[in-house]
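Here are the chains, one letter per residue:
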Amino acid sequence: MTIIFAILLFSLLIFVHELGHFLAAKASGVKVNEFSMFMGPVIWKKQGKETLYSLRCIPIGGFCAMEGEDEDTDNPRSFQKAAWWKRLIILVAGAAMNFIVGFILFAVIFMPQDEISVPVISYFEAGSAVCGEGGLQVGDEILEVDGEKVYVANDVSMLLYLNESNETHDLVVRRNGETVELNDFRMEKRTFNNEESPRYGFTFKEIEPTFWQRLGFTWDNTIDNIRNVRLSLQMLFTGKAGLKDMSGPVGIVDTMSTVANASPTATAALMNMLMFGAIIAVNLAVMNLLPLPALDGGRVFCLLVTTVIQKITKKKINPKYEGYIHAVGMILLLVLMAVIMFKDIFVIFRR
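Residues numbered from 1 in each chain as written. Predicted model: local features only at pLDDT ≥ 70, side-chain atom pairs only at ≥ 80, totals over all residues. Heavy atoms only, no water.

Asks: Which parts of the structure should I look at to understand the pattern of salt bridges?
Replies: Here the idea is simple: oppositely charged side chains can pair when their charged atoms come close. Counted according to the given criterion, the structure contains 13 salt bridges. In this structure, the salt-bridge partner of Glu-125 is Arg-199, at a minimum N-O distance of 2.7 Å. In this pair, Glu-125 sits in the loop between β3 (116–124) and β4 (141–145) while Arg-199 sits in the loop between β7 (178–185) and β8 (202–207), placing the two residues 74 residues apart along the sequence. Here Asp-155 and Arg-227 are joined by a salt bridge, their closest N and O atoms 3.1 Å apart. Taken together, the residues Asp-155 in helix α3 (residues 154–162) and Arg-227 in helix α4 (residues 211–238) connect sequence positions 72 residues apart. (Salt bridge = Lys/Arg side-chain N within 4 Å of Asp/Glu carboxyl O. Helix = DSSP H or I, 4+ residues; strand = E, 2+ residues; numbered from the N terminus.)

Structure (structure tokens):
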């Protein structure tokens, strides 16, 4: 069931992404030659008034093929002949749709909740090293940890963990309506009640949210996941994370299956899988806008650069050269996906 759910999830995310491009292209008057789900040989197709709708056999990816997207053409409704701002909207529409789906999935998870945790300290355990004069106090709302904004309560432990090698941390809290900075503050962990794992020894407040607080909590979780993508990329570039920490569809499905099987009820399993879906949707939205060849972000970058060059030189750049760049980028991207997939399979079979 987890595998079926994962296939449906990835199919949904691909569909809405390409649908974003398709709807934006149609609204901009750009001709769409083919709208396809998945890649590879065609297993079903239907010719519309001007667009061929198809379903292909390899359940990875999909595309919205627009007239004149990667080649020059005389068709006045081609992608290249559309105003630059229309092309920009078309290119970012796919990621925007993924972001919207992520927000909706988070709403499905959080809007029905009777209680939510907020980053306001409600209690300290006896012996906690982080409370008292010059430290944290009951009622403090933690706003920032080491320069990073706290969107939801879980951010505090996550941000402290990312900088766990530091002996001290910089905290910003709201106390009695005023902003208080705790610079170079030692966040010492201790064991409580004969537990093995050390903790900071404080508890966050649980509230019964209003409709608008639930909506705000949903939005904060969505934005928080955008920030988490940036933090993950930082870890890759700084060497704190590597290929072994990356997962593709196989690894994601395996993790989803593990979490679902560990859930106490079928409803809890469904909510956990929807949480994965929301996180993946937001991740896809952000990653797709990175300025890398073959991704929408790479196309946006090329669009902005070529538009500026054309404004300065008054000369049009042949789109086939951009097409070559994205073709090479696609090959490299597929190679990376294959390496990650085989790594995930190797990890699963090695257990």
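Asks: Just to check I follow, could you spell out helix α2 (residues 84–110) for this structure?
Replies: For the α-helix, the turn length of 3.6 residues means that residues three or four positions removed from each other point alike. Taking 1.5 Å of rise per residue, 27 residues should cover 39 Å, and α2 covers 39 Å from first to last C-alpha, within 8% of that figure. At Ala-93, α2 shows its maximal bend, which comes to roughly 40°. (Expected span 1.5 Å × (residues − 1). Bend = angle between axes of the 7 residues up to and from the residue.)

Asks: In this structure, what is going on with the pairing of β7? I would like to understand it.
Replies: Consecutive side chains along a regular strand alternate between the two faces of the sheet. Inspection of the sheet shows strand β6 (residues 169–175) paired to β7 by 6 bridges, in the antiparallel sense. Bridge pairing in β7 links His-169 to Phe-185. Between the end of β6 and the start of β7, which pair antiparallel, lie 2 residues, with Asn-176 showing a positive phi angle near 55°. (Pairing = 2+ DSSP bridges.)

Asks: Can you help me understand a negative patch on the surface in this one?
Replies: A surface patch of negative charge is lined by Asp-114, Glu-115, Glu-206 and Glu-208. Secondary-structure assignment places Glu-208 in the loop between β8 and α4. According to the relative accessible area criterion, Glu-208 is exposed, its value standing at 66%. (Patch = residues over 30% accessible without salt bridge, like charges linked within 9 Å, V, L, I, M, F, W, Y side chains within 5 Å. Areas by Shrake-Rupley, 256 points an atom, 1.4 Å probe, with all protein chains shown as cover. Lys, Arg positive; Asp, Glu negative; His and termini not counted. Charge placed at Lys NZ, Arg CZ, Asp CG, Glu CD. Buried < 20%, exposed > 50% of the residue type's maximum accessible area, 1.4 Å probe, protein only.)

Asks: How should I be thinking about the packing of aromatic side chains in this particular structure?
Replies: The geometry of an aromatic ring pair is captured by the separation of the ring centres together with the interplanar angle, meaning the angle of the planes. Applying the stated criterion across every chain yields a total of 12 aromatic pairs. Ring geometry for Phe-110 against Phe-217: centres 4.9 Å apart, planes inclined by 80°, an arrangement best described as edge-to-face. Within this pair, whereas Phe-110 is found in helix α2, its partner Phe-217 is found in helix α4, the two being separated by 107 residues in sequence. Taken as a pair, Phe-110 and Phe-217 share a single burial class, namely buried. Pairing Phe-124 with Phe-202 gives two aromatic rings, centres 6.2 Å apart and planes at 70°, and the pair type is edge-to-face. With a gap of 78 residues between them, Phe-124 in strand β3 and Phe-202 in strand β8 connect regions that are remote in the sequence. In this pair, the class of Phe-124 matches that of Phe-202, namely buried. Taken together, the aromatic side chains of Phe-15, Phe-22, Phe-35 and Tyr-53 make up a single cluster linked through ring pairs. (Phe/Tyr/Trp six-rings, centres within 6.5 Å; stacked < 30°, edge-to-face > 60°.)

Asks: Looking at this model, I keep getting lost on the nonpolar core. Mind explaining?
Replies: As a rule of thumb, soluble globular proteins bury nonpolar side chains together. Phe-5, Leu-9, Phe-10, Leu-13, Val-101, Met-256 and Ile-280 are the most contacted members of the largest nonpolar core, which totals 28 residues. Breaking this core down by element, the ones donating at least two residues are α1 (2–27), α2, β3, α5 (249–262) and α6 (266–287). For this core, the element with the most residues is α6, which contributes 7 residues. Residues within four places of Phe-5 in sequence aside, it is in contact with Met-256, Leu-270, Met-273 and Leu-274. (Core = buried A, V, L, I, M, F, W, Y, C linked by side-chain atoms within 4.5 Å. Contact = heavy atoms within 4.5 Å.)

Asks: Teacher, can you tell me more about the layout of surface pockets here?
Replies: Using a probe with the size of a water molecule, rolled over the atoms, empty space left in the structure can be pinpointed. Taken as a whole, the second largest pocket holds about 410 Å³ of empty space. Taken together, 25 residues form the lining of the second largest pocket, with Gln-80, Arg-87, Leu-303, Thr-306 and Gln-310 sitting closest to its centre. Only α2, α7 (296–313) and α8 (319–349) provide two or more residues apiece to the lining of the second largest pocket. At 9 residues, the largest contribution of residues to the lining of the second largest pocket is made by α7. Of the residues contributing to the lining of the second largest pocket, the split by class is 13 nonpolar, 5 polar and 7 charged. (1 Å grid on protein atoms, 1.4 Å probe; cavity = no way out; pocket = protein on both sides within 12 Å on 5 of 7 lines; lining within 4 Å. Points joined across faces, edges and corners; volume = space filled by probe spheres on them. Nonpolar A, V, L, I, M, F, W, Y, C, P; charged D, E, K, R; others polar.)

Asks: Could you clarify how one ought to interpret the packing of α1 against α5 in this entry?
Replies: When two helices pack together, you describe them by how their axes are tilted relative to each other and by the distance separating the axes. Orientation of α1 relative to α5, taken along the N-to-C sense of each, is 130°, at an axis distance of 9 Å. Taken together, the axes of α1 and α5 are oblique relative to one another. Our pair here, α1 against α5, has a crossing hand that is right-handed. Touching Thr-2, Ile-3, Phe-5, Ala-6, Leu-9 and Phe-10 of α1 are Pro-249, Ile-252, Val-253, Met-256, Ser-257 and Ala-260, all from α5. For the contact of α1 with α5, the residue count by class is 10 nonpolar, 2 polar and no charged. (Axes fitted to C-alpha atoms, helices over the stretch in contact; angles between N-to-C directions. Parallel < 35°, antiparallel > 145°, perpendicular 65-115°, else oblique. Left-handed = near helix turned anticlockwise from the far one by under 90°.)

Asks: Looking at this structure, I do not really get the packing of α2 against α4. What am I missing?
Replies: Packing of α2 against α4 brings their axes to within 9 Å, and their N-to-C directions diverge by 135°. The angle between α2 and α4 places the two elements in the oblique class. Classified by chirality, the crossing of α4 by α2 is right-handed. The segment α2 lies against α4, with Phe-99, Phe-103, Phe-106, Ala-107 and Phe-110 engaging Arg-214, Leu-215, Phe-217, Thr-218, Trp-219, Asn-221, Thr-222, Ile-223, Asn-225 and Ile-226. Among the residues making up the contact of α2 with α4, the classes are represented as 10 nonpolar, 4 polar and 1 charged.

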